[in-house]
Amino acid sequence: MIPKRIGVLTSGGDCPGLNAVLHGVVSAATTRGYEVLGFLDGYEGLLNPVRYQRLNPLSVSHISHLGGTILGTTNRGRFVAKVGAGKKSEIDPNILKQARDNCRALNVHALICIGGDGSLSTSLQLQKAGVNVVGVPKTIDNDILATASTFGFDSAVTCVVDSLDRLHTTARSHKRIMVVETMGRHAGWIALHGGLAGGADAILIPEIPFYYSKVGAFAKKRASLGISSTMIVVAEGAFPAKGRLSTIRSGLRGKGEVRIGGIGEQVARQMEKRTGQETRHVVLGHLQRGGNPTALDRILGTRFGIGAVELVVKNKFGHMVSYQNYEIGGVPISQAVARIRTVPPKGQFVRHAREIGICVGD
Ligand code: F6P
């Protein structure tokens, strides 16, 4: 007889800490007598020909410190359930049925889906199709409702801070304005945390439409006071009050979310024009998603993995792990995907940034 099995997959954009989650899942599941199958390349591995690898404590013993995911992932393909901020689409019922039938044939009692809000929406559709699903929230953007934090965020913020530390020295030496574009889609958390920790002078986020005139005047004032350089962090989803989201055309066809980007260059051009000061821009891009996870993300990832197995054991299907008050618990996935968690424009974090003189462009 095939032993009871737990399936696990990583879906959506990769994120530092995914392998730590896999380590937590496999270790906790094995202790409880389950076999673990790791499906490859996100939900795609559930389809014919089904693709998976057996995971055991040995195969995951030295992966927690590694970035990326040993299972592979995709944010494209036949399971994409998110087509824009908060907009969801229905997955083909035949695809869902094929995935369910393969889980049943492999005796997969529960499927642990590690992904962002789009991938978690997919998991809910699989749950409705008859798969016992448990979610693990994942994103560097930290924009998932119902969890105080997601793993990967701290690593992304650390990358922003390291980059700002480097850019400050060259900006000062050349008396330049430096514009640094961060990831985060429609949420400004990475820019705000990275900017605050890295000593940014201005931070522009999607939640607060900005005015070029105000940011320009801010930089000019600094120059008039003898402060030779200005560091501006702009979230990729930030946009001017009289403009719109900047996107990048992709040559690739297929379902998925629009690529966001380009605002860093636009801000740099405007700053140079308005201040007369030489300005450069840097797009941090996928550097923020790559590399080894920080200690915090390794710990959070491992604990999320263990928490997911605990939810399976308690038959809490349709739930995802959540981090609140230093404890790992569970919440219905539906609660988490209803909308994304964005920065409250009048919240304490923004207020504190303003208090130390950071310009948010409004
Ligand atoms: O959601 C995570 C994220 O890194 C966003 O911050 C970014 O806009 C997007 O993924 C980039 O995705 P891709 O790797 O498909 O370009």
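### Here we look at unusual backbone geometry
Item 1. Of the consecutive residues N48 and P49, the connecting peptide bond is found in the cis state with omega at -10 degrees.
Item 2. With respect to the helices and strands, P49 occurs in the loop between strand 2 (35–39) and strand 3 (52–55).
Item 3. In this structure, N107 is a non-glycine residue whose phi angle is positive, near 60 degrees.
Item 4. Judged by its relative accessible area of 31%, N107 is partly exposed.
Item 5. Positive phi, normally seen in glycine, also occurs at R185, with a value near 50 degrees.

### With respect to the site of the ligand
Item 1. The local shell around the ligand consists of N75, I140, D141, M183, G184, R185, E236, H286 and R289.
Item 2. Between the ligand and N75, the relevant distance is 3.0 Å, taken from an oxygen atom to a side-chain nitrogen or oxygen of the residue.
Item 3. R185 is positioned such that a nitrogen or oxygen atom in its side chain is 3.3 Å from an oxygen atom of the ligand.
Item 4. When the ligand sits alone it has 400 Å² of accessible area, and the protein chains cover 82% of it.
Item 5. According to the grid-proximity analysis, the pocket containing the ligand is the largest pocket.
Item 6. Among the residues making up the shell around the ligand, the classes are represented as two nonpolar, three polar and four charged.

### Let's talk about the sheet that holds strand 1 (residues 5–10)
Item 1. Spatially, the seven strands line up as an open sheet ordered 3-2-1-6-7-14-15, and their pairing is mixed. The open sheet has two free edges, formed respectively by strand 3 and strand 15 (327–332), since each of these has just one partner strand. Direction aside, neighbouring strands of the sheet carry axes that sit 30 degrees apart on average.
Item 2. Summarising the sheet, strand 7 (residues 133–137) and strand 14 (residues 319–324) pair through two bridges and their orientation is parallel. By the bridge assignment, G135 is partnered in strand 14 with M320.

### A look at helix 4 (residues 153–174)
Item 1. Here helix 4 contains 22 residues, and its C-alpha end-to-end distance of 31 Å stays within 8% of the 32 Å for a straight helix at 1.5 Å per residue.
Item 2. Those residues of helix 4 lying buried are F153, S155, A156, V157, C159, V160, V161, S163, L164, L167, H168 and A171.
Item 3. Tucked inside the fold, the buried residues of helix 4 contact strand 8 (177–182), helix 5 (189–197), strand 10 (230–235), strand 13 (279–283) and helix 8 (295–313).
Item 4. Positioned one or two residues after helix 4, K175 has a phi angle of 55 degrees, which is positive.

### Structural notes on the layout of surface pockets
Rolling a probe over the atoms, with the probe sized like a water molecule, indicates the empty space that remains.
Item 1. Computed from the structure, the largest pocket encloses a volume of approximately 950 Å³.
Item 2. Around the largest pocket sit 44 residues that line it, and G13, N75, R185, E257 and R289 are the ones nearest its centre.
Item 3. When contributions to the lining of the largest pocket are tallied by element, the ones reaching two or more residues are helix 3 (117–128), strand 8 and strand 12 (259–260).
Item 4. Per-element accounting of the lining of the largest pocket gives the leading share, four residues, to helix 3.

### Section: the pattern of salt bridges
Pairing of side chains with opposite charge becomes possible as their charged atoms draw close.
Item 1. Here the structure, examined in full by the defined rule, presents 13 salt bridges.
Item 2. Two residues, R280 and E278, come together in a salt bridge whose shortest N-O distance is 3.2 Å.
Item 3. A relative accessible area of 37% means that R280 is categorised as partly exposed.
Item 4. Where E355 meets R351, a salt bridge forms, and the shortest distance between an N and an O atom there is 3.1 Å. Taken as a pair, E355 and R351 lie in helix 10 (residues 348–355) at a separation of four residues, close to a single helical turn.
Item 5. For E355, a relative accessible area of 58% corresponds to the exposed category.

### Digging into the packing of helix 6 (residues 212–224) against helix 7 (residues 263–275)
Item 1. Interaxial distance between helix 6 and helix 7 falls to 9 Å at its minimum, and their mutual angle equals 60 degrees. Accordingly, the angle class assigned to the pair helix 6 and helix 7 is oblique. The two elements helix 6 and helix 7 meet at a crossing, and its hand is right-handed. Two secondary-structure elements touch here, helix 6 through Y212, S213, V215, G216, A219 and K220 and helix 7 through I263, Q266, V267, Q270, M271, R274 and T275.
Item 2. Its residues placed into classes, the contact of helix 6 with helix 7 shows six nonpolar, five polar and two charged.

### Some details on the nonpolar core
Item 1. V8, I112, I114, V136, F151, V180 and V312 are the most contacted members of the largest nonpolar core, which has 61 residues in total.
Item 2. With eight residues, helix 4 is the single largest residue contributor to this core.
Item 3. Each of domain 1 (5–151 + 293–336) and domain 2 (155–290) contributes no fewer than three residues to this core.
Item 4. Not counting residues within four places of it along the chain, the set of residues in contact with I114 comprises V8, L9, T10, S11, L18, V21, L22, V136, K138 and F151.
Item 5. If you look at the next biggest cluster of nonpolar residues, it comprises 29 residues, including L46, V131, A146 and V331.

### Section: the domain arrangement of the protein
Item 1. According to the domain assignment, the protein contains domain 1 (5–151 + 293–336) and domain 2 (155–290).
Item 2. Distance between the C-alpha centres of domain 1 and domain 2: 32 Å.
Item 3. Facing the 21 residues of domain 1 at the interface are 17 residues of domain 2.
Item 4. Carbon and sulfur atoms make up 51% of the area that domain 1 and domain 2 hide from each other, which totals about 1,500 Å².
Item 5. The largest per-residue losses of area from domain 1 upon contact with domain 2 belong to R76, I140 and D141, which jointly make up 35% of the total buried on that side.
Item 6. Counting the contacts that link domain 1 with domain 2 gives one salt bridge.
Item 7. Run the count over domain 1 and domain 2 and you get three residue pairs in polar contact (both at pLDDT 80 or more).
Item 8. Sort the elements by how many residues they give to the side of domain 1 that touches domain 2 and strand 4 (residues 82–84) lands first, with three residues.
Item 9. Here the side of domain 1 that touches domain 2 is built from residues that sort into seven nonpolar, seven polar and seven charged.

What counts and how
Residues numbered from 1 in each chain as written. Predicted model: local features only at pLDDT ≥ 70, side-chain atom pairs only at ≥ 80, totals over all residues. Heavy atoms only, no water. Helix = DSSP H or I, 4+ residues; strand = E, 2+ residues; numbered from the N terminus. Buried < 20%, exposed > 50% of the residue type's maximum accessible area, 1.4 Å probe, protein only. Near = heavy atom within 4 Å. Polar contact = N/O pair within 3.5 Å; in protein donor to acceptor, adjacent residues only side chain to side chain. Areas by Shrake-Rupley, 256 points an atom, 1.4 Å probe, with all protein chains shown as cover. 1 Å grid on protein atoms, 1.4 Å probe; cavity = no way out; pocket = protein on both sides within 12 Å on 5 of 7 lines; lining within 4 Å. Sits in = over half its atoms within 2 Å of the grid points. Nonpolar A, V, L, I, M, F, W, Y, C, P; charged D, E, K, R; others polar. Pairing = 2+ DSSP bridges. Axes fitted to C-alpha atoms, helices over the stretch in contact; angles between N-to-C directions. Expected span 1.5 Å × (residues − 1). Contact = heavy atoms within 4.5 Å. Points joined across faces, edges and corners; volume = space filled by probe spheres on them. Salt bridge = Lys/Arg side-chain N within 4 Å of Asp/Glu carboxyl O. Parallel < 35°, antiparallel > 145°, perpendicular 65-115°, else oblique. Left-handed = near helix turned anticlockwise from the far one by under 90°. Core = buried A, V, L, I, M, F, W, Y, C linked by side-chain atoms within 4.5 Å. Domains from an automatic or database assignment. Buried area = accessible area lost by both parts, 1.4 Å probe.

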